[in-house]
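# Structural features, examined
Each chain, written out:
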Amino acid sequence: MIITIDGPAGAGKSTIAKLVARKLQFTYIDTGAMYRAITYKVLKNNCSLTDKERIIELAKGTKIEFKEGKIFLDGEDVSQNIRTREVTNNTSVIAAIPEVREILRNIQREYARDNNIVMEGRDIGTVVFPEAQHKFYLDASLTERAKRRFLELKNKGVKTTLDEIAAEISERDNIDLNRGLCPLKVPEGATVIDSTNKTIEEVVELIVKKIKK
Ligand code: DC
């Protein structure tokens, strides 16, 4: 069984998808982490973000594995490295390259071959698995999403302001929503959940109930 959860940055997809997967004993796949991993590889190799050919070369043959809640890039645990602001703010550019999307899409489909999965991202219900049994679209207001991300970063000791985070999220939304290829949109037949005024538990409960029905 495939369950897809799409939505904009900071809507709570990762936290919620992880909990839903745990409840159902499904495998959880964070596809944003995969785009981040490629971005990390590009930056680490001092590759220019405008050098598409080299980026595609770097992406080809990349091995991405999820093990025990960690992500491994060509065998290296990059779970922390892919969460820096530098990676965060450059991933949209990498994710807009068609060949990179194709490479990752194939890996994503591979994961689903032998597993029941909960997969979250931007194009999972629209492009990767349009035939999925259960599709969800998780949204929240920009202010709420910025607040959540701001608190998360503050807890990690990152110095920033709410306005700065709101501007960054808004810019990422803009790229994700308006790119020509696989833009973020509500998948056909998806259940839309606005989490602005809901707790994590409420959203998880809603999703699990819907699936069990
Ligand atoms: O969910 P996230 O913030 O970790 O995603 C990081 C970036 O990857 C974000 O800019 C959108 C992009 N992305 C995408 O284009 N397609 C996906 N399926 C998942 C993420």
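Residues numbered from 1 in each chain as written. Predicted model: local features only at pLDDT ≥ 70, side-chain atom pairs only at ≥ 80, totals over all residues. Heavy atoms only, no water.

The terminal C-alpha atoms of helix 9 (residues 200–212), which comprises 13 residues, lie 18 Å apart, in line with the 18 Å expected from a rise of 1.5 Å per residue. Of the positions making up helix 9, those classed as buried are V203, V204, I207, V208 and I211. Taken down its axis, helix 9 places every buried residue within 125 degrees of arc, on the same side. Summarising the geometry of helix 9, the exposed residues directed more than 90 degrees from the buried face are E201, K209 and K212. Packing partners of the buried residues in helix 9 comprise strand 1 (2–6), helix 1 (13–24), strand 7 (134–139) and strand 8 (191–194). (Helix = DSSP H or I, 4+ residues; strand = E, 2+ residues; numbered from the N terminus. Expected span 1.5 Å × (residues − 1). Buried < 20%, exposed > 50% of the residue type's maximum accessible area, 1.4 Å probe, protein only. Arc of directions from axis to C-beta. Contact = heavy atoms within 4.5 Å.)

Attention shifts here to the sheet that holds strand 4 (residues 70–73). Read from one edge to the other, the open sheet built from three strands follows the order 3-4-5, with strand pairing classed as antiparallel. This sheet does not close on itself; its edge strands, each paired only once, are strand 3 (64–67) and strand 5 (76–77). Bridge analysis of strand 3 against strand 4 gives four bridges, and the strand direction is antiparallel. When the bridges of strand 4 are listed, F66 appears paired with I71. (Pairing = 2+ DSSP bridges.)

The parallel open sheet is built from five strands, whose spatial order is 2-6-1-7-8. Two strands bound the open sheet, and with one partner strand each, they are strand 2 (27–30) and strand 8. The mean angle between the axes of side-by-side strands here comes to 20 degrees, regardless of whether they run parallel or antiparallel. Lying on the sheet, helix 2 (residues 31–44) is in contact with strand 2 and strand 6 (117–121); it crosses strand 2 at an angle near 45 degrees. The sheet contacts of helix 5 (residues 98–113) involve strand 1, strand 2 and strand 6, and relative to strand 6 the element is tilted by about 160 degrees. (Axes fitted to C-alpha atoms, helices over the stretch in contact; angles between N-to-C directions.)

Taken together, 15 residues lie near the ligand, and R36, R101, R122, D123 and R172 sit nearest. Separating an oxygen atom of the ligand from a side-chain N or O atom of R36 is a distance of 2.7 Å. At 3.0 Å, a side-chain N or O of S92 approaches an oxygen atom of the ligand. Taken by itself the ligand offers 450 Å² of open surface, and the protein chains cover 97% of this. Only helix 2, helix 4 (85–95) and helix 8 (162–178) provide two or more residues apiece to the shell around the ligand. A per-class count over the shell around the ligand returns three nonpolar, five polar and seven charged. (Near = heavy atom within 4 Å. Polar contact = N/O pair within 3.5 Å; in protein donor to acceptor, adjacent residues only side chain to side chain. Areas by Shrake-Rupley, 256 points an atom, 1.4 Å probe, with all protein chains shown as cover. Nonpolar A, V, L, I, M, F, W, Y, C, P; charged D, E, K, R; others polar.)

Another point: the packing of helix 4 against helix 8. Two elements in contact, helix 4 and helix 8, have axes separated by 8 Å at closest approach and are oriented at 30 degrees. For the element pair helix 4 / helix 8, the angle class is roughly parallel. Touching R85, T88, N89 and S92 of helix 4 are E164, I165, E168, R172, I175 and D176, all from helix 8. The class makeup of the residues in the contact of helix 4 with helix 8 is two nonpolar, three polar and five charged. (Parallel < 35°, antiparallel > 145°, perpendicular 65-115°, else oblique.)

Counted under the stated rule, the structure contains 15 salt bridges. K23 is the salt-bridge partner of E205, the closest N and O atoms lying 3.5 Å from each other. A residue pair is termed long-range when its members are at least 10 positions apart, and E205 in helix 9 and K23 in helix 1 qualify at 182 residues. We note a salt bridge from K60 to E57, for which the minimum N-O separation is 3.5 Å. Overall, the relative accessible area of 47% leaves K60 in the partly exposed class. Within this structure, R85, E164 and E168 form a network of salt bridges that share partners. (Salt bridge = Lys/Arg side-chain N within 4 Å of Asp/Glu carboxyl O.)

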